[in-house]
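Chain residues, written in single-letter form:
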Amino acid sequence: EAQRRREDREEEEEKERQRKEQEAAEAQRRQHEEAEALRTQREAEAAANIPPPPVEDEDPNLTFWSAHENQGKTYYYNSQTRESTYEKPVGFSEPEKVKNESPHVEL
């Protein structure tokens, strides 16, 4: 009788050990799948090369304007439309003036 109980206990302990091993393997498999999904998502985002959203209240057309100086006078040039004007475009902030390099349209 004592031998049978010991064998039953050992069998139960073995079943418990196997159950824990299976749980650990399943947890590791899930962790690997989650890491793989995250890697795939990051690769897809990088491949899409999605530009960042524009800064709020920033006019995207202002990026084409630059300030220049010719004969002491500042003028503004739009590289997209090739427009030149002495009137500062609304919202344009002057980072730096470029002196005397005027291959642009004469005013």
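Here, the structure is the one placed above.
Definitions and cut-offs
Residues numbered from 1 in each chain as written. Predicted model: local features only at pLDDT ≥ 70, side-chain atom pairs only at ≥ 80, totals over all residues. Heavy atoms only, no water. Helix = DSSP H or I, 4+ residues; strand = E, 2+ residues; numbered from the N terminus. Buried < 20%, exposed > 50% of the residue type's maximum accessible area, 1.4 Å probe, protein only. Salt bridge = Lys/Arg side-chain N within 4 Å of Asp/Glu carboxyl O. Expected span 1.5 Å × (residues − 1). Phe/Tyr/Trp six-rings, centres within 6.5 Å; stacked < 30°, edge-to-face > 60°. Lys NZ or Arg CZ within 6 Å of the ring centre and 35° of its normal.

### Brief notes about the overall build of the chain
Then comes step 1: Of regular secondary structure, the chain possesses one helix and four strands.
Then comes step 2: Along the chain, helices (α) and strands (β) appear in the sequence α-β-β-β-β when read from the amino end.
Then comes step 3: The buried share among the 107 residues of the chain stands at 14%.

### Regarding the pattern of salt bridges
Then comes step 1: By the definition in use, this model includes 12 salt bridges.
Then comes step 2: The salt bridge involving Lys15 is made with Glu11; its shortest N-O contact spans 3.6 Å. Taken as a pair, Lys15 and Glu11 lie in helix H1 (residues 2-48) at a separation of four residues, close to a single helical turn.
Then comes step 3: Using a relative accessible area of 44% as the deciding quantity, one classes Lys15 as partly exposed.
Then comes step 4: Judged by its relative accessible area of 44%, Glu11 is partly exposed.
Then comes step 5: Among the salt bridges present, the one from Arg30 reaches Glu26, with a minimum N-O distance of 3.6 Å.

### Observations concerning H1
Then comes step 1: When the terminal C-alpha atoms of H1 are compared, their 69 Å separation across 47 residues agrees well with the 69 Å that a helix rising 1.5 Å per residue should span.
Then comes step 2: One or two residues past the end of H1 sits Asn49, with phi positive at roughly 50°.

### So, the packing of aromatic side chains
Centre-to-centre distance and the angle between the planes together describe a pair of aromatic rings.
Then comes step 1: Throughout the structure, instances matching the rule amount to one aromatic pair.
Then comes step 2: Note on Tyr76 and Phe92: the rings are 5.5 Å apart at their centroids and 75° apart in plane angle, and the pair reads as edge-to-face. One end of the pair, Tyr76, is in strand E2 (residues 73-78); the other, Phe92, is in the loop between strand E3 (83-85) and strand E4 (98-99), and 16 residues separate them in sequence. A single burial state applies to Tyr76 and to Phe92, both of which are buried.
Then comes step 3: We note Lys73 situated over the ring of Tyr86; from NZ or CZ to the ring centre the distance is 4.4 Å.

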